[in-house]
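Residues per chain are reported as follows:
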Amino acid sequence: MQRKAVRRGVLPGIAMLTALVAGVTGLTGCTSGNGVGSDSDSKAGDSSPAPAPAGKYRSLPSPCKAADAKRLRAMLPAGDSLTDEQRVRLYAGTADTSYDGDRHVGCRWTAQTPEETRLLSVGFERVVSYDRTLMSDDDKARQVYVRRLTDAHLPFPGPTPNPATSPGTPAANPTAGAPAPGAATPAATAPPPAGQSPSPAGGSPSAPPPELGSRVLEGLGTEAYIEDKLGAAGASAAQARTVRIVFRTSNVIVTVEYSVQPSLPGTVPPSPETQDKARQLAQALVERFNE
């Protein structure tokens, strides 16, 4: 009788243990079968946008060696009194202080003669986006360029409507400006007196060259603009002209500043010549970055 009682107590315990094992096994099978709680499912919603590729330029060239010696001599004529050693130092330039040569570098030159003083500076800035998932290096550089363009008070480049083709603009009248019938016509230019040569067309031969002014430039890097500023005139002070060109190529912004300061009052550096020399140097720097 006692043996049967023991067997009756053991059997229910074994049955309960078997049921628990079966339940755990079934739960494990369901979990592995439908993927509930798996690592792949938990990571599916954590996808983030891929960062934009880094900018084209990872370093900067030496600004003091970016311009060739021939171009520097044309922009910065040296005085006859300089020795060969002084000329070498003049055209070698002086590097700006930089704490990160891969981000911002510059160089300056100064040439003095009895007639004038000429100053030239070149600066390179490599722009880097600290979060390329939000903005690429090129887009960040364009943002910096647009800020400088705005500070220069120049209009943002864009298409301009043509008045001749704009809707609602009346067609030009081919007879507009013609004298009315019977109206007096302008008298013909009288020939110069005997022995006197005729004046050239467009004004007197001593007329100053035109002022080209500040504007957005095309065909120079990715985008560019030029500033042309003339110093105030004075009775005892000459007018200095400073031309600054800023252009962007990919994620690098280049600044060229060229200043001509005459020694004699009443002397005005011509705008076309000053701008042309600065622009030629800027174009050479574009080619230098494209090498």
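Scroll up to find the structure.
Residues numbered from 1 in each chain as written. Predicted model: local features only at pLDDT ≥ 70, side-chain atom pairs only at ≥ 80, totals over all residues. Heavy atoms only, no water.

(A) Main features of the overall build of the protein. In terms of regular secondary structure, the protein is built from six helices and seven strands. When the elements of the protein are put in sequence order from the N terminus, they spell out α-α-α-α-β-β-β-α-β-β-β-β-α. Looking at the protein as a whole, 28% of its 291 residues are labelled buried. For the protein, the proportion of contacts with a sequence separation of at least 24, taken over those separated by at least 6, is 61%. Total accessible area computed for the protein in this model is approximately 19500 Å², and 57% of it derives from carbon and sulfur atoms. (Helix = DSSP H or I, 4+ residues; strand = E, 2+ residues; numbered from the N terminus. Buried < 20%, exposed > 50% of the residue type's maximum accessible area, 1.4 Å probe, protein only. Contact = heavy atoms within 4.5 Å. Areas by Shrake-Rupley, 256 points an atom, 1.4 Å probe, with all protein chains shown as cover.)

(B) Local environment of the state of the cysteines. Taken as a whole and judged by the stated rule, the model has one disulfide. Residue pairing for Cys64: its cysteine sulfur links by disulfide to Cys107, the two sulfurs lying 2.1 Å apart. Disulfide Cys64-Cys107: torsion about the S-S bond near 100°, hence right-handed. Of this pair, Cys64 sits in the loop between helix H2 (39-42) and helix H3 (69-75) while Cys107 sits in strand S2 (residues 104-112), and the two are 43 residues apart along the sequence. Taken as a pair, Cys64 and Cys107 share a single burial class, namely buried. (Disulfide = S-S within 2.5 Å.)

(C) Quick peek at the sheet that holds strand S4 (residues 215-217). The strand order across the open sheet formed by seven strands is S1-S2-S3-S7-S6-S5-S4, and the pairing between neighbours is antiparallel. The sheet terminates laterally at strand S1 (94-95) and S4, the two strands that pair on one side only. Lying over the sheet, helix H4 (residues 84-92) contacts S1 and S2, oriented at roughly 140° with respect to S2. (Pairing = 2+ DSSP bridges. Axes fitted to C-alpha atoms, helices over the stretch in contact; angles between N-to-C directions.)

(D) Broad picture of the nonpolar core. With 36 residues, the main nonpolar core has Leu76, Leu120, Phe124 and Leu285 as its most contacted residues. Elements with a minimum of two residues in this core: H3, H4, S2, strand S3 (116-126), strand S5 (223-230), strand S6 (241-249), strand S7 (252-262) and helix H6 (271-290). Sorting elements by how many residues they give to this core places H6 first, with six residues. Among residues more than four places away in sequence, those in contact with Leu285 are Ala66, Val122, Phe124, Phe247, Val254 and Val256. Of all hydrophobic cores here, the second largest spans ten residues; its members include Ala141, Ala152, Leu154 and Ile253. (Core = buried A, V, L, I, M, F, W, Y, C linked by side-chain atoms within 4.5 Å.)

(E) Region of the structure containing the layout of surface pockets. For the largest pocket, the calculated volume is near 190 Å³. The wall of the largest pocket is formed by 14 residues, among which His104, Arg108, Val122, Gly123 and Thr255 lie closest to the centre. Those elements that place two or more of their residues in the lining of the largest pocket are S2, S3 and S7. If one sorts the elements of the lining of the largest pocket by residue count, S3 sits on top with five residues. Of the residues assigned to the lining of the largest pocket, the class counts are four nonpolar, five polar and five charged. (1 Å grid on protein atoms, 1.4 Å probe; cavity = no way out; pocket = protein on both sides within 12 Å on 5 of 7 lines; lining within 4 Å. Points joined across faces, edges and corners; volume = space filled by probe spheres on them. Nonpolar A, V, L, I, M, F, W, Y, C, P; charged D, E, K, R; others polar.)

(F) Looking closely at the pairing of S2. Inspection of the sheet shows S1 paired to S2 by two bridges, in the antiparallel sense. Opposite Thr94, over in S2, you have Arg108 as the bridge partner. Pairing of S2 with S3, which is carried by nine bridges, proceeds in the antiparallel orientation. Bridging from a neighbouring strand, Ala111 pairs with Arg118 of S3. Turn length for the S2-S3 hairpin, with the two strands adjacent in sequence and antiparallel, is three residues.

Interpretation in functional terms is not warranted from these geometric data alone.
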